[in-house]
Amino acid sequence: MEKINRKQIKDLIKTSNVFCILPFKHMLLEPSGQVSVCCMSFGNVINDNNRPIEWDKVKFNNELWEGSFYKKLRTNMIKGVKTDVCKRCYGHEDTGSFSYRNGQNQRFLDNITERSKIEIKSINVVTGNNYKHPTDWDIRFSRLCNLKCRMCDSGSSSQIHKEGNEHPQLQKFRGHADPVTDKYNYDEKDATYVLKTLPRVDRLKILGGEPTLDPQVQIVLDEAIRIGRDDIYLDITTNLTNVTDRWLESLGRFKDVQLQFSIDGYDKTNEYIRSASRWPQVEENIRRYLNFKAETDTNWMLSFHQTVSIYNIFDFWKVHEWVESLRAEDKFERLEQNSYHTDIIHTPPDLDPHILPIPYRAFILRNFNKYKPKITQNLATIGIESIITLLERHAQPENANELLQVCKERTDAVDKVRGAYIKDYILDWRI
């Protein structure tokens, strides 16, 4: 088993347009029990029979982390052979974009978690690294969630799964019914294996569902605190609807915490898109994060992520305006300098703003340009530049009219089921 030392790893990162450090140290555990190499990888980790491996049903090290899938992928990484698993990153790089692979490799070089005692000294094809298990987790133990976000799906939200079962007429719309979800166990997963690795874990990336509701997440945090691993870097995405004293106190025990809040619109727009979210509660909760006084030397970094769809593109910039208004209350300086980020959705395709009729784009752009001078951040860095490009282009997918019709049908059908009608929430919506 040939080992590649840290200097050789750095050389690979600097010289290879294929190599990524993640297959040697990172793993994503999905709510379905399936496994992905990372959040950008294509497809799931499979066994020798070409079937997805369910991580809670196998001998983790022997059949998964040291299985043939990972051995082949790591071998290709070292030899410079591109694989379809990583085609999204390679595709981004082909267009000149900075990919997730680029970012994670740079993170390894920078060693941004300086307080952590965990350092990968070598990598190899069989065990991944010198610790012989993932040191960087992306964990999503279940789809348990309290919201029914319009662009989400039954595999990521227990509420959408329930709604799809109770209202079969919604199942024709992508997200409300996915036949694959019936093949796997979306119930709460046992965190035992993750707990065993905590003494030698560098980062925990935690999503859901909604992680503040997931009891296994709290178990993991409690165990890390118990064994003195308050130097684990926490990277948590939450919807700002549920904040308890225990949750805040647990986070306050860790030295470095990155909190990313999913907010898709200001006030009523957010309530419409993120069904069951209430704006007064969102505002109360962000202030709890801003004002919580931790007893330890805790570095909280707070940022906001907005998913731009055909529902919120009409006034997407109002989220940025709201986020910037919070700086006056940020006495602990927890808001990051670039605390606002956007991402254009592509699925479901009928909510992708690229299908927006051309005449509406100039209207949106004129309104946005009135606010644009107030944005001091780099527009490309925070994602707004791609929205501007969309609005300035006179181009739509070939099936845009068909998708617009599906969008209208989806909107009407879901509105009727939920008793929340778009005209009462988003006054500028004109589709």
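Residues numbered from 1 in each chain as written. Predicted model: local features only at pLDDT ≥ 70, side-chain atom pairs only at ≥ 80, totals over all residues. Heavy atoms only, no water.

### Section: helix 5 (residues 100–110)
Part 1: Taken together, the buried positions of helix 5 are Arg101, Asn102, Gln104, Asn105, Arg107 and Phe108.
Part 2: Here the buried face of helix 5 lies against helix 1 (6–15), helix 4 (87–94), strand 6 (136–139), strand 8 (203–206) and strand 9 (233–238).
Part 3: Of the residues that open helix 5, the one with a side-chain oxygen 3.3 Å from the backbone nitrogen of Arg101 is Ser99.
Part 4: At the exit of helix 5 stands Asn111, carrying a positive phi of roughly 50°. (Buried < 20%, exposed > 50% of the residue type's maximum accessible area, 1.4 Å probe, protein only. Helix = DSSP H or I, 4+ residues; strand = E, 2+ residues; numbered from the N terminus. Contact = heavy atoms within 4.5 Å. Polar contact = N/O pair within 3.5 Å; in protein donor to acceptor, adjacent residues only side chain to side chain.)

### Quick notes on the side chain of Arg229
Part 1: Its location among the elements puts Arg229 in the loop between helix 8 (215–226) and strand 9.
Part 2: At a separation of 3.0 Å, a polar atom in the side chain of Arg229 contacts the main-chain carbonyl oxygen of Pro199.
Part 3: A polar atom in the side chain of Arg229 sits 2.7 Å from the side chain of Asp231.

### Structural notes on the nonpolar core
Part 1: Trp137, Leu204, Ile286, Tyr289, Phe304 and Ile313 are the most contacted members of the largest nonpolar core, which has 113 residues in total.
Part 2: Those residues in contact with Tyr289 that lie beyond four places of it in its chain are Thr238, Leu240, Val243, Trp247, Leu248, Leu251, Leu259, Phe261, Trp300, Leu302 and Arg334. (Core = buried A, V, L, I, M, F, W, Y, C linked by side-chain atoms within 4.5 Å.)

### Comments concerning the environment of Met77
Part 1: Looking at where Met77 falls in the secondary structure, it is placed in helix 3 (residues 68–79).
Part 2: On the basis of relative accessible area, Met77 is assigned to the buried category, the value being 1%.
Part 3: Counting along the chain gives 131 residues from Met77 to Gly208, while the straight-line C-alpha distance between them is 29 Å.
Part 4: When residues no more than four places from it in sequence are discounted, the contact partners of Met77 are Val18, Phe19, Cys20, Pro23, Phe24, Cys86 and Tyr90.

### Quick notes on the sheet that holds strand 13 (residues 335–344)
Part 1: The strand order 3-2-6-8-9-10-12-13 describes an open sheet built from eight strands, whose pairing is mixed. The sheet is open, and its two edges are formed by strand 3 (35–36) and strand 13, each paired on a single side.
Part 2: One ladder, built from six bridges, connects strand 12 (residues 299–308) with strand 13; its direction is parallel. By the bridge assignment, Thr307 is partnered in strand 13 with Asp343.
Part 3: The sheet contacts of helix 12 (residues 317–325) involve strand 12 and strand 13, and relative to strand 13 the element is tilted by about 165°.
Part 4: Its contacts with the sheet put helix 15 (residues 384–392) on strand 12 and strand 13, and the angle it makes with strand 13 is roughly 35°. (Pairing = 2+ DSSP bridges. Axes fitted to C-alpha atoms, helices over the stretch in contact; angles between N-to-C directions.)

### Some remarks on the environment of Tyr70
Part 1: Turning to its location among the elements, Tyr70 is positioned in helix 3.
Part 2: Judged by relative accessible area, Tyr70 falls into the buried class, the value being 0%.
Part 3: Contacts of Tyr70, omitting those with residues within four sequence positions, involve Pro23, His26, Met27, Val35, Ser36, Val37, Val45, Leu64 and Trp65.

### Things to note about the packing of helix 4 against helix 5
Part 1: Where helix 4 meets helix 5, the axes come as close as 8 Å, and the angle between the chain directions of the two elements is 100°. It follows from the interaxial angle that helix 4 and helix 5 lie roughly perpendicular. Residue-level inspection shows Cys89, Tyr90 and Glu93 of helix 4 in contact with helix 5, the latter providing Tyr100, Arg101 and Asn102.
Part 2: A per-class count over the contact of helix 4 with helix 5 returns three nonpolar, one polar and two charged. (Parallel < 35°, antiparallel > 145°, perpendicular 65-115°, else oblique. Nonpolar A, V, L, I, M, F, W, Y, C, P; charged D, E, K, R; others polar.)

### Concerning the packing of helix 12 against helix 13 (residues 358–371)
Part 1: Where helix 12 contacts helix 13, the axes come no closer than 10 Å and their chain directions differ by 15°. If you check the angle between helix 12 and helix 13, you find them roughly parallel. Between helix 12 and helix 13 the crossing geometry is left-handed. Two secondary-structure elements touch here, helix 12 through Trp317, His320 and Glu321 and helix 13 through Ile364, Asn367, Phe368 and Tyr371.
Part 2: When grouped by side-chain class, the residues that make up the contact of helix 12 with helix 13 number four nonpolar, two polar and one charged. (Left-handed = near helix turned anticlockwise from the far one by under 90°.)

### Here we look at the packing of aromatic side chains
Part 1: For the structure shown, the criterion picks out 21 aromatic pairs.
Part 2: What links up through ring pairs into an aromatic cluster is the set Phe261, Tyr266, Trp279, Tyr289, Phe292, Trp300, Phe304 and Trp322.
Part 3: Here Arg6 stacks its cationic end above the ring of Phe108, 4.7 Å away from the centre of that ring.
Part 4: Lying across the ring of Phe42, Lys87 places its NZ or CZ 3.9 Å from the centre. (Phe/Tyr/Trp six-rings, centres within 6.5 Å; stacked < 30°, edge-to-face > 60°. Lys NZ or Arg CZ within 6 Å of the ring centre and 35° of its normal.)

### A short note on helix 16 (residues 400–418)
Part 1: The terminal C-alpha atoms of helix 16, which comprises 19 residues, lie 26 Å apart, in line with the 27 Å expected from a rise of 1.5 Å per residue.
Part 2: The complete set of buried residues in helix 16 reads Ala400, Leu403, Leu404, Cys407, Arg410, Thr411, Val414, Asp415 and Arg418. Within helix 16, the buried residues cover an arc of 125° as seen down the axis, which keeps them to one side. Exposed and facing more than 90 degrees away from the buried side of helix 16 are Asn401, Glu402, Asp412 and Lys416.
Part 3: Here the buried face of helix 16 lies against strand 7 (148–149), helix 6 (158–166), helix 10 (268–273) and strand 11 (274–275).
Part 4: In the stretch just after helix 16, Gly419 is the one whose phi turns positive, near 65°. (Expected span 1.5 Å × (residues − 1). Arc of directions from axis to C-beta.)

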